[in-house]
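Chain by chain, the residues:
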Amino acid sequence: MWQALYDELRAMNFVVISVALDSGGPVKTEQWIRAAKATYPCLIDERHVTAELYGVVNVSSAVWIDESGRIVRPAETAGTSDAFRTQLDRTTKQMSPEGMAERERVREAYLHALRDWAAAGPASPYALPEDEARRRLPLPAADHALAAANFRLGQYLHARGHAQGAAPYLAEARRLHPESWSYRRQTWELEEPGKAGGPEFWAAVDALGEKPYYSPTVLEP
């Protein structure tokens, strides 16, 4: 999806920069990046600095930044939906036709907005005015800063072979910033490989009830 969009719009000075939020670093992510054969920049953010700076709490998320460096659209869900919660067979990992159709509809709406912005710049209806972009920008909270500190300390201890000592800090990061599914998945995966997509993950998704897993993207102001 992103490679095709980059190939289509690069002549308009449109650039995709992909950031993998993965504590496992290149060992876990490089093979997937190379297999995709992307020709745009692909970065690996082990410490989740990007998430902290831009308020990213889930993937896939995107931030639109213009030529002057202004955030045109803060971090938001990038072309996906909650269809997987009801339309995915959790055993086979296969999406139903209805789920595939919903995912395609949401994706195409998002890509249409990106194409319009690339062509029209600030005149695009999808380019948020500064005041609206600022209003949508997630502001850091004290608990989020503490969550980041606990996450990094847990990472540090885990990387040095102190998995038992890391566990309380990883759990505290989840507690302090429960909206961050990136923290949840990464800390679970550090605790036990495969746990990030296992029963604990699905139990947490089911516990959301009516709350969304992917916050719906409001494309126009």
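Residues numbered from 1 in each chain as written. Predicted model: local features only at pLDDT ≥ 70, side-chain atom pairs only at ≥ 80, totals over all residues. Heavy atoms only, no water.

1. Brief notes about the nonpolar core
Working step 1: Formed by 19 residues in total, the largest nonpolar core has its most connected members in Leu-5, Phe-14, Trp-64, Tyr-110, Leu-114 and Trp-117.
Working step 2: Those elements that place two or more of their residues in this core are helix 1 (2–9), strand 3 (61–65) and helix 5 (97–120).
Working step 3: Among the nonpolar cores identified, the runner-up in size contains twelve residues, and Leu-88, Phe-201, Ala-204 and Val-205 belong to it. (Core = buried A, V, L, I, M, F, W, Y, C linked by side-chain atoms within 4.5 Å. Buried < 20%, exposed > 50% of the residue type's maximum accessible area, 1.4 Å probe, protein only. Helix = DSSP H or I, 4+ residues; strand = E, 2+ residues; numbered from the N terminus.)

2. Topic: the pattern of salt bridges
Working step 1: Enumeration over the complete set of coordinates arrives at 16 salt bridges.
Working step 2: The salt bridge involving Arg-105 is made with Glu-102; its shortest N-O contact spans 3.0 Å. Taken as a pair, Arg-105 and Glu-102 lie in helix 5 at a separation of three residues, close to a single helical turn.
Working step 3: The exposure class of Arg-105 is exposed, given its relative accessible area of 52%.
Working step 4: By relative accessible area, which is 28% here, Glu-102 ends up partly exposed.
Working step 5: By sharing partners, the salt bridges in this structure join Arg-174, Glu-191, Lys-195 and Glu-200 into a single network. (Salt bridge = Lys/Arg side-chain N within 4 Å of Asp/Glu carboxyl O.)

3. Regarding a nonpolar patch on the surface
Working step 1: The grouping of Val-15, Ile-17 and Leu-43 at the surface amounts to a nonpolar patch, some 280 Å² of accessible area in total.
Working step 2: Within the secondary structure, Val-15 is located in the loop between helix 1 and strand 1 (18–21). (Patch = residues over 30% accessible without salt bridge, like charges linked within 9 Å, V, L, I, M, F, W, Y side chains within 5 Å. Areas by Shrake-Rupley, 256 points an atom, 1.4 Å probe, with all protein chains shown as cover.)

4. Thoughts on the side chain of Gln-186
Working step 1: For Gln-186, the position within the fold is in helix 9 (residues 181–191).
Working step 2: Those residues in contact with Gln-186 that sit more than four places away from it in its chain are Leu-21, Asp-22, Ser-23, Gly-24, His-48 and Phe-151. (Contact = heavy atoms within 4.5 Å.)

Coordinates in, geometry out; function isn't part of it.
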